[in-house]
Amino acid sequence: MFSTDNVSYRKVHFYGNDGVCLFKYFVSPTDPQRIYSWLILSINFTCFIVITVSYVFINVASLDQGKNLSHIQHISKRNRRMQRKISIIIATDFCCWVPFVIICMLHSLSILDATPWYGLFSIVILPINSVINPLLYDNTILTIFGKLYQNCCNAIYNRVTCCFANRFR
């Protein structure tokens, strides 16, 4: 605290002390922005839950539609692709945000000292989610990975069958 003309000011380190310009989520029990941090984390977690529930409803609706239109093969195939994409989106969001929120809360409650992990979360884990989501929404990347997966499986299959064919000649 410092004083200027009999007015007291408290210094609030809103963005933390690291070189990363990210809101200081890892707050201690004595930080003045602890309530604000908990509010932001609660909003993030609530948004995750709302998005997950919405995607589950979309998934269930597409399953119901798929049962009614199972005779149309291209619609059934499109529904399965959409369901797989929704599952991947939910899984990546879960893997990025839920551990972050839990660790922030454990740090704020002084159960865990997560200060050394701040850089890992702010530079690696959270941006990964931001990078992955647009790639998941676009079919191009899934097509590329699908072809890569098929090529790898075909190469393994060809190698295994070649080895067995040579062995029994």
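Residues numbered from 1 in each chain as written. Predicted model: local features only at pLDDT ≥ 70, side-chain atom pairs only at ≥ 80, totals over all residues. Heavy atoms only, no water.

1. A short note on the overall build of the protein
Turning to step 1, where the next piece is worked out: Helices and strands together make up the secondary structure of the protein, namely four helices and two strands.
Turning to step 2, where the next piece is worked out: Start at the N end of the protein and walk to the C end: the helices and strands fall as β-β-α-α-α-α.
Turning to step 3, where the next piece is worked out: Going through the 169 residues of the protein one by one, you find that 25% of them count as buried.
Turning to step 4, where the next piece is worked out: A sequence separation of at least 24 residues applies to 59% of the contacts in the protein between residues at least 6 apart.
Turning to step 5, where the next piece is worked out: With an accessible surface of roughly 12,100 Å², the protein has 65% of that area assigned to carbon and sulfur atoms. (Helix = DSSP H or I, 4+ residues; strand = E, 2+ residues; numbered from the N terminus. Buried < 20%, exposed > 50% of the residue type's maximum accessible area, 1.4 Å probe, protein only. Contact = heavy atoms within 4.5 Å. Areas by Shrake-Rupley, 256 points an atom, 1.4 Å probe, with all protein chains shown as cover.)

2. Structural notes on the nonpolar core
One broad trend across soluble globular proteins is that nonpolar side chains are buried collectively.
Turning to step 1, where the next piece is worked out: Counting twelve residues, the largest nonpolar core consists of Tyr25, Phe26, Ile40, Leu41, Phe100, Val101, Ile103, Cys104, Ala114, Tyr118, Phe121 and Leu126.
Turning to step 2, where the next piece is worked out: In contact with Phe121, not counting residues within four places along its chain, are Phe26, Pro99, Phe100, Ile103, Leu126 and Pro127.
Turning to step 3, where the next piece is worked out: Judged by nonpolar contacts, the second largest core, of five residues, contains Tyr55, Ile86, Ile90 and Leu136. (Core = buried A, V, L, I, M, F, W, Y, C linked by side-chain atoms within 4.5 Å.)

3. Let's talk about the state of the cysteines
Turning to step 1, where the next piece is worked out: Within this structure, the stated rule accounts for zero disulfides.
Turning to step 2, where the next piece is worked out: Unpaired in this structure, Cys95 has its nearest cysteine sulfur neighbour in Cys96, at a distance of 6.8 Å.
Turning to step 3, where the next piece is worked out: With no disulfide of its own, Cys152 has Cys153 as its nearest cysteine by sulfur position, at a separation of 7.0 Å. (Disulfide = S-S within 2.5 Å.)

4. A word on the packing of aromatic side chains
Turning to step 1, where the next piece is worked out: The full count for this structure, using the stated rule, is three aromatic pairs.
Turning to step 2, where the next piece is worked out: When the ring of Phe45 is compared with that of Phe48, the centres are 6.4 Å apart and the planes differ by 35°; the resulting orientation is tilted. Within this pair, Phe45 and its partner Phe48 are both found in helix α1 (residues 34–68), separated by three residues, close to a single helical turn.
Turning to step 3, where the next piece is worked out: When the ring of Phe48 is compared with that of Phe94, the centres are 6.2 Å apart and the planes differ by 45°; the resulting orientation is tilted. Residue Phe48 is located in helix α1, and its partner Phe94 is located in helix α2 (residues 73–108); the two are separated by 46 residues in the primary sequence.
Turning to step 4, where the next piece is worked out: For Phe94, a relative accessible area of 44% gives the class partly exposed. (Phe/Tyr/Trp six-rings, centres within 6.5 Å; stacked < 30°, edge-to-face > 60°.)

5. A short note on the environment of Val124
Turning to step 1, where the next piece is worked out: Following the sequence through the fold, Val124 ends up in helix α3 (residues 118–137).
Turning to step 2, where the next piece is worked out: Measuring from C-alpha to C-alpha, the distance between Val124 and Cys96 comes to 9.8 Å, with 28 residues separating the pair along the chain.

6. What to know about the confidence of the model for the protein
Turning to step 1, where the next piece is worked out: Within the protein, residue pLDDT values average 75, and 76% of them lie at 70 or more.
Turning to step 2, where the next piece is worked out: The secondary-structure element of the protein with the lowest mean pLDDT is strand β1 (residues 2–4), recorded at 48, while α1 shows the highest, at 82. (pLDDT = per-residue confidence, 0-100.)

7. Quick word on the environment of Cys104
Turning to step 1, where the next piece is worked out: Examined against the element boundaries, Cys104 turns out to sit in helix α2.
Turning to step 2, where the next piece is worked out: Relative accessible area serves as the criterion here: at 0%, Cys104 is assigned to the buried category.
Turning to step 3, where the next piece is worked out: Along the chain, Cys104 and Ser28 lie 76 residues apart, while their C-alpha atoms are 9.7 Å from each other.

8. As for the side chain of His107
Turning to step 1, where the next piece is worked out: Along the polypeptide, His107 turns up in helix α2.
Turning to step 2, where the next piece is worked out: Residue classification places His107 among the buried positions, given a relative accessible area of 9%.
Turning to step 3, where the next piece is worked out: Those residues in contact with His107, other than ones at most four positions away along the chain, are Phe26, Val27, Leu112, Asp113, Ala114 and Thr115.

9. A few points about the environment of Phe26
Turning to step 1, where the next piece is worked out: Turning to its location among the elements, Phe26 is positioned in the loop between β2 (7–9) and α1.
Turning to step 2, where the next piece is worked out: Judged by its relative accessible area of 7%, Phe26 falls in the buried class.
Turning to step 3, where the next piece is worked out: Spatially, the C-alpha atoms of Phe26 and His107 are 6.2 Å apart, while their sequence positions differ by 81 residues.
Turning to step 4, where the next piece is worked out: Excluding residues within four positions of it along the chain, Phe26 makes contact with Asp31, Phe100, Ile103, Cys104, His107, Ala114, Thr115, Trp117, Tyr118 and Phe121.

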